[in-house]
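Summary of the model geometry
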Amino acid sequence: MQRSTSGSWTIVEHLVRIRAKPPSSHLIAIQTLTTSDHALHDDFSSDVENIYRILRKFHSRPDKLHLALHDSGAPLRPGLVERVLSRCGDAGALGFRFFTWASKQPDYHPSPTMYKSVVKMLGKMRQFGAAWALVDEMRREAPDFITHEVFIVLMRRFASSRMVSKAVEVLDEMPKYGCEPDEYVFGCLLDALCKNGSVKEASSLFEDMRDRFPPTLRHFTSLLYGWCKAGKLIEAKVVLVRMREAGFDPDIVVYNTLLSGFASAGKIEDAYDLLREMRRKGCEPNAASYTTLIQALCSKDRMDEAMLVFVEMRRCNCAADVITYATLISGFSKAGKIDKAYEFVDEMIERGCKPNASVYLSVFLALEKKENLEECLELKLRILKAGCFPDLGVYNTVIRLACKIGELKQAMVLWDEMEASGLSPGLDTFVIMIHGFLHQGLLIEACKYFKEMVARGLLSAPQYGTLKDLLNSLLRAEKIELAKEVWECIVSKGIQLNVYAWTIWIHALFSNKHVKEACSYCLDMMDAGLMPQPDTFAKLMKGLKKLYNRQIAAEITEKVRKMAAERNVTFKMYKRRGVMDLEKKKARAKAKAKKDKGKRGAWKGRSANSGGGRGHGRANLLDIYSEDDVPQMHKGHCNNLQLRSSSSVVE
């Protein structure tokens, strides 16, 4: 179906009212918002979109949500719940709310695949308690659904969160659920640990479990990969020797893993030697072998050598695959040779390799670097016509560029198109938009996106940079009530706030002269069982002394004394440490201010000589400094988004 553009222009008109910088008219004119080709249109589509709209609208009001879902008229037929969860994308909270509602309906019986998907989703949200609770429910309601795969999902999620002990605990818990782990499950655990930077722990576990799980070629390969990824080639060679001693000969996967290790370490000559050894031993290099070398050379901008390897690959009758072409396209794009990248796109199409969105992403990134929004939009239309649909990475790149150059209308249009095409914005997408609005001083809109991000369950752990920038911007603009709304939004969603998140909020309030509010939230933090950092305590005591407020000072001091005693910390040392930390920060800030003053003087001199007037903006950056709390300047960022924000008032 062809989507009407009327909704998009309503958003554009709204942005005009909030005084966003008007974009060039021809950029908007390029936009063609279509959904018919990208979204899956079958007999599920209308129900999926209807439910997704309900979830977005009522996600924060459970009673109304359940009523709206009941009244939606969508039958819970097989496959519908899976499609809704897929539509929710990274917004795991929305998907879990729908699954929770659906599982209570008499006509719906979750399948084993459905349970596995929800466990994976909860693990991605780091809601591990809820994930285990769901596994317990499976044991009660559908014990036959508990398989090795469910526990493997948990292992991988724990490993990706660097919670090694918890990942190993899953192995020990499996027998309690009537599911004995085998060599395959153990191999999955080793693989997950090695792929997530815990190869040292995986190696120790491998030694401890040798009697219980006899080593396999896959086990050795995982360890080899882990050491190569960590750049520990000596340890990798030891694994290779032990693998041969155990009676396993290297296969193509082992050789390619070693190739990757040599290439990542910059040992290109060793990689060439290994390639020749493979041929001597009758293990002919495949496309992955050559592509590994090409990737290493492209990453070092050695494009001529990469092309020689590509030619050698063809001479040996090894057909290039999509990854090979994508690597060369990425290499030439990063080198600024976009025309050459386009040539390889055309070549891969001619040779029967259909490009996907990830292939084009590198070209979009190169265009972003050149700040060429118009060509980005034209390329997006071109790939749509070719039957390739932009993914979240492409949309993030183009939206980021639009925000970077101040084209917020265009960013909103792209956002609207992305959602209409069946893609759900991820955490990065929200952060890009938040920083874009902050850069333009549109604080209410930035708050709206932040709250929506939290509501969709995308803020499983606070994004400290974004949170700090938003809170500081609001407090500088004297919008303290709006700042409190943002904080309460986070707290009300049950997000686990650690001491660093609380510190950002407390310091932001204090630095903007809201001392009593800062103290009040410090008390709330301690009620939550978190002890303030020493410099936070020292800062609040200093502020309260100026306000002659001994009552609050005494209350905070008494609670800190008690918490210090519980943690076997001497209160005197804690207090002294806080004063020392404040003095060090103040000294660093003064040194930085002096250095910046010298730079500004040099800048003014250059400006006077050239007739420029750009020095005034920098001269005003220090105007917000206070006598007792001199902040450090920083640059707000989101991935590759280099949006310069004003000075932060949080140290």
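Residues numbered from 1 in each chain as written. Predicted model: local features only at pLDDT ≥ 70, side-chain atom pairs only at ≥ 80, totals over all residues. Heavy atoms only, no water.

1. So, the confidence of the model for the protein chain
When pLDDT is averaged along the protein chain, the result is 81; 84% of the residues meet or exceed 70. Across the protein chain, the secondary-structure element scoring lowest on mean pLDDT is helix α1 (residues 6–17), at 35, and the one scoring highest is helix α23 (residues 392–404), at 95. pLDDT under 50 marks residues 1–41. Its contacts with residues more than four places away, or in other chains, come to 78 contacts. Confidence over residues 610–651 falls short of pLDDT 50; this stretch has 87 contacts with residues more than four positions distant or in other chains. (pLDDT = per-residue confidence, 0-100. Helix = DSSP H or I, 4+ residues; strand = E, 2+ residues; numbered from the N terminus. Contact = heavy atoms within 4.5 Å.)

2. Regarding the packing of aromatic side chains
Counting across every chain of the model gives 24 aromatic pairs. With a centroid separation of 5.9 Å and 75° between ring planes, the pair formed by Phe 537 and Phe 571 is classed as edge-to-face. Within this pair, whereas Phe 537 is found in helix α31 (residues 534–547), its partner Phe 571 is found in helix α33 (residues 571–610), the two being separated by 34 residues in sequence. Of the two residues, Phe 537 and Phe 571, both sit in the buried class. Here a set of aromatic residues connected by ring pairs shows up, and it is made of Phe 310, Tyr 325, Phe 332 and Phe 344. The side chain of Arg 87 reaches across the aromatic face of Tyr 52, ending 4.0 Å from its centre. The aromatic ring of Tyr 177 is capped on one face by Arg 139, whose charged end is 4.1 Å from the ring centroid. (Phe/Tyr/Trp six-rings, centres within 6.5 Å; stacked < 30°, edge-to-face > 60°. Buried < 20%, exposed > 50% of the residue type's maximum accessible area, 1.4 Å probe, protein only. Lys NZ or Arg CZ within 6 Å of the ring centre and 35° of its normal.)

3. A short note on the packing of helix α29 (residues 499–511) against helix α30 (residues 515–527)
Their axes nearest at 7 Å, the elements α29 and α30 cross at an angle of 165°. Classed by the angle they form, the pair α29 and α30 counts as roughly antiparallel. Where α29 crosses over α30, the handedness of that crossing is left-handed. Mapping the contact onto sequence places Val 499, Trp 502, Trp 505, Ile 506, Leu 509 and Phe 510 in α29 and Val 515, Glu 517, Ala 518, Tyr 521, Cys 522, Asp 524 and Met 525 in α30. Each residue belonging to the contact of α29 with α30 can be placed in one class, and the counts come to 11 nonpolar, no polar and two charged. (Axes fitted to C-alpha atoms, helices over the stretch in contact; angles between N-to-C directions. Parallel < 35°, antiparallel > 145°, perpendicular 65-115°, else oblique. Left-handed = near helix turned anticlockwise from the far one by under 90°. Nonpolar A, V, L, I, M, F, W, Y, C, P; charged D, E, K, R; others polar.)

4. So, helix α24 (residues 408–420)
With 13 residues, α24 extends 18 Å from end C-alpha to end C-alpha; this agrees with the ideal 18 Å at 1.5 Å per step. For α24, the tally of buried residues reaches 12 of 13 residues, placing the bulk of the element in the interior. Looking one or two places after α24, you find Gly 422, whose phi comes out positive at around 100°. (Expected span 1.5 Å × (residues − 1).)

5. A look at the environment of Leu 474
Tracing the sequence through the fold places Leu 474 in helix α27 (residues 464–476). Along the backbone, Leu 474 and Ala 446 are 28 residues apart, and their C-alpha atoms lie at a distance of 9.9 Å. Among residues more than four places away in sequence, those in contact with Leu 474 are Leu 443, Cys 447, Lys 479, Leu 482, Ala 483 and Val 486.

6. Structural notes on the nonpolar core
One finds Val 81, Phe 98, Met 433, Phe 450 and Ile 556 to be the most contacted residues of the largest nonpolar core, which totals 203 residues. When residues in this core are grouped by element, the largest group, nine residues, is from α29. Ignoring any residue separated from it by four or fewer positions in sequence, one finds Phe 450 in contact with Ile 434, Leu 459, Thr 466, Leu 467, Leu 470, Val 486 and Ile 490. (Core = buried A, V, L, I, M, F, W, Y, C linked by side-chain atoms within 4.5 Å.)

7. Observations concerning helix α12 (residues 199–208)
Those residues of α12 that sit buried are Val 199, Ala 202, Leu 205 and Phe 206. Along the axis of α12, the buried positions cluster into a sector of 115°, meaning they face one direction only. The outward face of α12, more than 90 degrees from its buried face, is lined by the exposed residues Lys 200 and Asp 208. (Arc of directions from axis to C-beta.)

8. Remarks on the environment of Val 150
On the secondary structure map, Val 150 appears in helix α9 (residues 148–160). A C-alpha to C-alpha distance of 7.3 Å links Val 150 and Val 119, two positions 31 residues apart in sequence. If we ignore the near neighbours within four places in the chain, the residues touching Val 150 are Val 119, Val 135, Met 138 and Phe 145.

9. Some remarks on the side chain of Asn 549
Tracing the sequence through the fold places Asn 549 in the loop between α31 and α32 (550–566). A relative accessible area of 17% places Asn 549 in the buried class. One polar contact links the side chain of Asn 549 to the main-chain amide nitrogen of Ile 552, over a distance of 3.3 Å. Leaving out residues up to four positions away in the same chain, Asn 549 has contacts with Lys 516 and Leu 544. (Polar contact = N/O pair within 3.5 Å; in protein donor to acceptor, adjacent residues only side chain to side chain.)

10. Points about the pattern of salt bridges
For the structure shown, the criterion picks out 28 salt bridges. Residue Arg 242 is joined to Glu 207 by a salt bridge in which the shortest nitrogen-to-oxygen separation is 2.6 Å. Of the two residues, Arg 242 is situated in helix α14 (residues 233–245) and Glu 207 in helix α12; the sequence distance between them amounts to 35 residues. In the salt-bridge network here, residues are joined through shared partners; they are Arg 279, Glu 284, Glu 312 and Arg 315. (Salt bridge = Lys/Arg side-chain N within 4 Å of Asp/Glu carboxyl O.)

11. Observations regarding unusual backbone geometry
In the Ramachandran plot, Asp 301 falls in the positive-phi region, its phi being about 60° despite a non-glycine side chain. By the secondary structure assignment, Asp 301 is in the loop between α17 (287–299) and α18 (303–315). A positive phi angle is found at Glu 371, which is not glycine, with a value near 55°. Relative to the elements of secondary structure, Glu 371 occurs in the loop between α21 (357–369) and α22 (373–385).

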